[in-house]
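Results of the structural survey
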Amino acid sequence: AAEMFDRGLLAGQHVVITAGPTREAIDPVRYISNHSSGKMGYSLAEAAIDAGAQVTLISGPVNLPAPARCQRVMVESAEQMLEASLNHVSQCDIFIASAAVADYRPAAIAEHKMKKGKEEIMELHLVKNPDIVATVAALENKPFTVGFAAETKDVIGYAQGKLVRKNLDLIIANDVSRSDIGFNSDDNAVSVISIDSIKELPLCSKRQLAAKLVEIIAQAQTGSAK
Ligand code: CTP
Ligand code: CA
């Protein structure tokens, strides 16, 4: 079997993938999160493994089993996801950020379960989370870095902005205003954007899409001067 993997598109490559949502604690029993299922990231991990890569999957809380032949690191918060990412990127060739990281977290985690007060309105103070993919892309020995952008309008424009701002090599954009695709769907349609190209991938299963994306990423990475 080892010889088979040697011939894969990503043979000998170490790929780190973030996936799923993050969970930002409010108190011991509550948190802020989102509806990310982790399916796209897990499908990418499987496709990368099938292409012969050594894969580290850094996962927020999801209801998915760890792919076979994969190192999975479970985390909860964005800060933990950043720490785990930095622990694993130093020897990696490709970093793929598919996680739906919470943009903000409670400024403080209450030590005890918060009690309902007399007030009709309660305010929660939030602080910005670190940007994991931008932090990785700013490293001196930066891996080939791929981001995702889920948008509801001006999809290509916003995604191009993120590509440039975060110093990414590729960004995979999808229109989550469409009812046939998105966070919990088994299918997806995306645009793959680099600094000088846009490629549309039509609607298909996340599994098929992942295989196609791995192919595109492997080609783009080979083409990029390292
Ligand atoms: N991302 C990240 N760390 C964060 C926020 C986002 O690594 N704290 C990554 C995501 O995994 C994704 C890319 O950045 O690959 C774009 O995420 P997105 O939420 O679309 O971008 P933001 O910069 O957070 O902008 P906004 O949510 O305002 O659109
Ligand atoms: Ca965001």
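Just so it is clear, the model here is predicted, and its values are computed rather than measured.

Each value, and the rule that gives it
Residues numbered from 1 in each chain as written. Chains lettered and ligands numbered in written order. Predicted model: local features only at pLDDT ≥ 70, side-chain atom pairs only at ≥ 80, totals over all residues. Near = placed C-beta within 6 Å. Helix = DSSP H or I, 4+ residues; strand = E, 2+ residues; numbered from the N terminus. Nonpolar A, V, L, I, M, F, W, Y, C, P; charged D, E, K, R; others polar. Pairing = 2+ DSSP bridges. Axes fitted to C-alpha atoms, helices over the stretch in contact; angles between N-to-C directions. Contact = placed C-beta atoms within 7 Å. UniProt positions renumbered as here; feature names shortened; annotations may be inferred. Buried ≥ 20, exposed ≤ 12 C-beta atoms within 10 Å, placed from the backbone. Parallel < 35°, antiparallel > 145°, perpendicular 65-115°, else oblique. Left-handed = near helix turned anticlockwise from the far one by under 90°. Expected span 1.5 Å × (residues − 1). Arc of directions from axis to C-beta.

Re the site of ligand 1
- For ligand 1, the set of nearby residues contains 15 residues, the closest of which are Ala97, Val101, Ile132, Val133 and Gly147.
- Only helix H4 (132-137) and strand E9 (144-151) provide two or more residues apiece to the shell around ligand 1.
- In terms of residue count, E9 provides more of the shell around ligand 1 than any other element does, four residues in total.
- Among the residues making up the shell around ligand 1, the classes are represented as nine nonpolar, three polar and three charged.

Remarks on the sheet that holds E9
- Taking strand neighbours across the sheet as the criterion, the eight strands line up as E5-E4-E1-E6-E9-E10-E11-E12 in an open arrangement whose pairing is mixed. Of all strands in the sheet, those with a lone pairing partner are strand E5 (71-74) and strand E12 (197-205), marking the two edges. Neighbouring strand axes in the sheet, compared pairwise and without regard to direction, differ in orientation by 15° on average.
- Where helix H6 (residues 206-223) meets the sheet, its contacts fall on strand E6 (94-97), E9, strand E10 (170-175), strand E11 (187-194) and E12, and the angle it forms with E12 comes to roughly 155°.

A closer look at the UniProt feature "binding site: CTP" (unreviewed entry) in the protein
- UniProt records the feature "binding site: CTP" (unreviewed entry) at Asp103, Lys113, Pro130, Asp131, Ile132, Val133, Phe148, Lys162 and Lys166, using the numbering of this structure. On the basis of their most widely separated C-alpha atoms, the annotated residues across 64 residues do not gather in one place, lying as much as 37.3 Å apart.
- Accessibility expressed as a C-beta count within 10 Å gives 10 for Lys113, which makes it exposed.
- Apart from residues no more than four positions distant in its own chain, Lys113 is found in contact with Asp27, Pro28 and Val29.
- With respect to the helices, strands and loops of the structure, Lys162 is situated in helix H5 (residues 155-165).
- Residue classification places Lys162 among the buried residues on the basis of 20 C-beta atoms within 10 Å.

Regarding the packing of helix H2 (residues 39-50) against H6
- At their nearest, the axes of H2 and H6 sit 8 Å apart, and the two run at 55° to each other. By the criterion of interaxial angle, the relationship of H2 to H6 is oblique. Every pair of crossing elements has a handedness; the one defined by H2 and H6 is right-handed. On the side of H2, the interface is formed by Lys39, Met40, Ser43, Leu44, Glu46, Ala47 and Ala48, while H6 contributes Lys206, Arg207, Ala210, Ala211, Leu213 and Val214.
- Split into classes, the residues belonging to the contact of H2 with H6 amount to eight nonpolar, one polar and four charged.

Considerations on the pairing of strand E1 (residues 14-19)
- Counted residue by residue, E1 has six buried out of six residues, so it is predominantly covered.
- Neither face of E1 is exposed, since His14, Val16 and Thr18 on one face and Val15, Ile17 and Ala19 on the opposite face are all buried.
- The pairing of E1 with E6 spans four bridges and is classified as parallel. Note on E6: the bridge partner recorded for Val16 is Phe95.

A short note on unusual backbone geometry
- The residue Arg69 is not glycine, and still its phi comes out positive at about 55°.
- Following the sequence through the fold, Arg69 ends up in the loop between strand E4 (54-59) and E5.
- Of the residues examined, Arg69 has 14 C-beta atoms within 10 Å and is grouped as partly exposed.

Focus on helix H3 (residues 78-89)
- Under the 1.5 Å per step criterion, the end-to-end length of H3 is 16 Å for 12 residues, consistent within 8% with the ideal 16 Å.
- Along H3, the positions that sit buried rather than exposed are Ala78, Met81, Leu82, Ser85 and Val89. Angularly, the buried residues of H3 cover 100° about the axis, an arc narrow enough to put them on a single face.
- On its buried face, H3 sits against E1, strand E2 (24-27), E4, E6, strand E7 (104-106) and H4.

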